[in-house]
Amino acid sequence: MNRIKEVLVIQGKSQVWLAEKLGKSTTSITAICNNKSQPHLKDLKRIAEILDVDIRELLVSTK
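- Under an unreviewed UniProt entry, the name given to the protein is Helix-turn-helix transcriptional regulator, and the source organism is Flagellimonas profundi.

### A word on the packing of helix H1 (residues 3-11) against helix H4 (residues 41-51)
Logical step 1: Between H1 and H4, the shortest axis-to-axis distance is 11 Å and the interhelical angle comes to 15 degrees. If you check the angle between H1 and H4, you find them roughly parallel. The two elements H1 and H4 cross, and the hand of that crossing is left-handed. Between H1, through Ile4, Val7, Leu8 and Gln11, and H4, the contact on the second element is made entirely by Leu44, Ile47 and Leu51.
Logical step 2: Per-class residue counts for the contact of H1 with H4 are six nonpolar, one polar and no charged.

### Quick notes on unusual backbone geometry
Logical step 1: Even without being a glycine, asparagine 35 presents a positive backbone phi close to 60 degrees.
Logical step 2: Structurally, asparagine 35 is set in the loop between helix H3 (26-33) and H4.

### Digging into the UniProt feature "domain: HTH cro/C1-type" (unreviewed entry) in the protein
Logical step 1: Mapped onto the present numbering, the UniProt feature "domain: HTH cro/C1-type" (unreviewed entry) falls at residues 4-58.
Logical step 2: As annotated, residues 4-58 has a helix share of 64% and a strand share of 0%, and its two end C-alpha atoms lie 6 Å apart.

### A look at helix H2 (residues 15-22)
Logical step 1: When we look at burial in H2, the residues that qualify are Gln15, Leu18, Ala19 and Leu22. Looking down the long axis of H2, one finds its buried residues gathered within 100 degrees of arc, a one-sided arrangement.
Logical step 2: Glycine 23 occupies a position one or two residues after H2 and carries a positive phi of about 75 degrees.

### A look at the pattern of salt bridges
Logical step 1: Applying the stated criterion across every chain, the model contains four salt bridges.
Logical step 2: Between glutamate 6 and arginine 3 there is a salt bridge whose closest N-O contact spans 3.1 Å. Of this pair, glutamate 6 and arginine 3 are both found in helix H1, three residues apart, which corresponds to roughly one turn of the helix.
Logical step 3: A salt bridge links arginine 56 to aspartate 54; the nearest nitrogen and oxygen atoms lie 2.9 Å apart.
Logical step 4: Taking the relative accessible area as the measure of exposure, arginine 56 reaches 58% and is therefore exposed.

Thresholds, definitions, all that
- Residues numbered from 1 in each chain as written.
- Predicted model: local features only at pLDDT ≥ 70, side-chain atom pairs only at ≥ 80, totals over all residues.
- Heavy atoms only, no water.
- Axes fitted to C-alpha atoms, helices over the stretch in contact; angles between N-to-C directions.
- Helix = DSSP H or I, 4+ residues; strand = E, 2+ residues; numbered from the N terminus.
- Parallel < 35°, antiparallel > 145°, perpendicular 65-115°, else oblique.
- Left-handed = near helix turned anticlockwise from the far one by under 90°.
- Contact = heavy atoms within 4.5 Å.
- Nonpolar A, V, L, I, M, F, W, Y, C, P; charged D, E, K, R; others polar.
- UniProt positions renumbered as here; feature names shortened; annotations may be inferred.
- Buried < 20%, exposed > 50% of the residue type's maximum accessible area, 1.4 Å probe, protein only.
- Arc of directions from axis to C-beta.
- Salt bridge = Lys/Arg side-chain N within 4 Å of Asp/Glu carboxyl O.

Okay, structure coming up:
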């Protein structure tokens with residue numbers, strides 16, 4: 001599972017919520033969560049801030 005998607009599930013938050021917080025379209029967040037595209041580094045940093053996690057948690061599986 002995509003780490004961003006996994007963190008959203010763990011925190012009980014939706015992709016729509018993340019899209020609104022990030023100022024991106026739901027379609028772009030869905031593509032990122034489904035590994036169809038990669039976020040820009042600045043967006044990845046902002047996602048980590050929004051989700052209150054270390055950016056490394058979004059890059060490396062903890063399992």
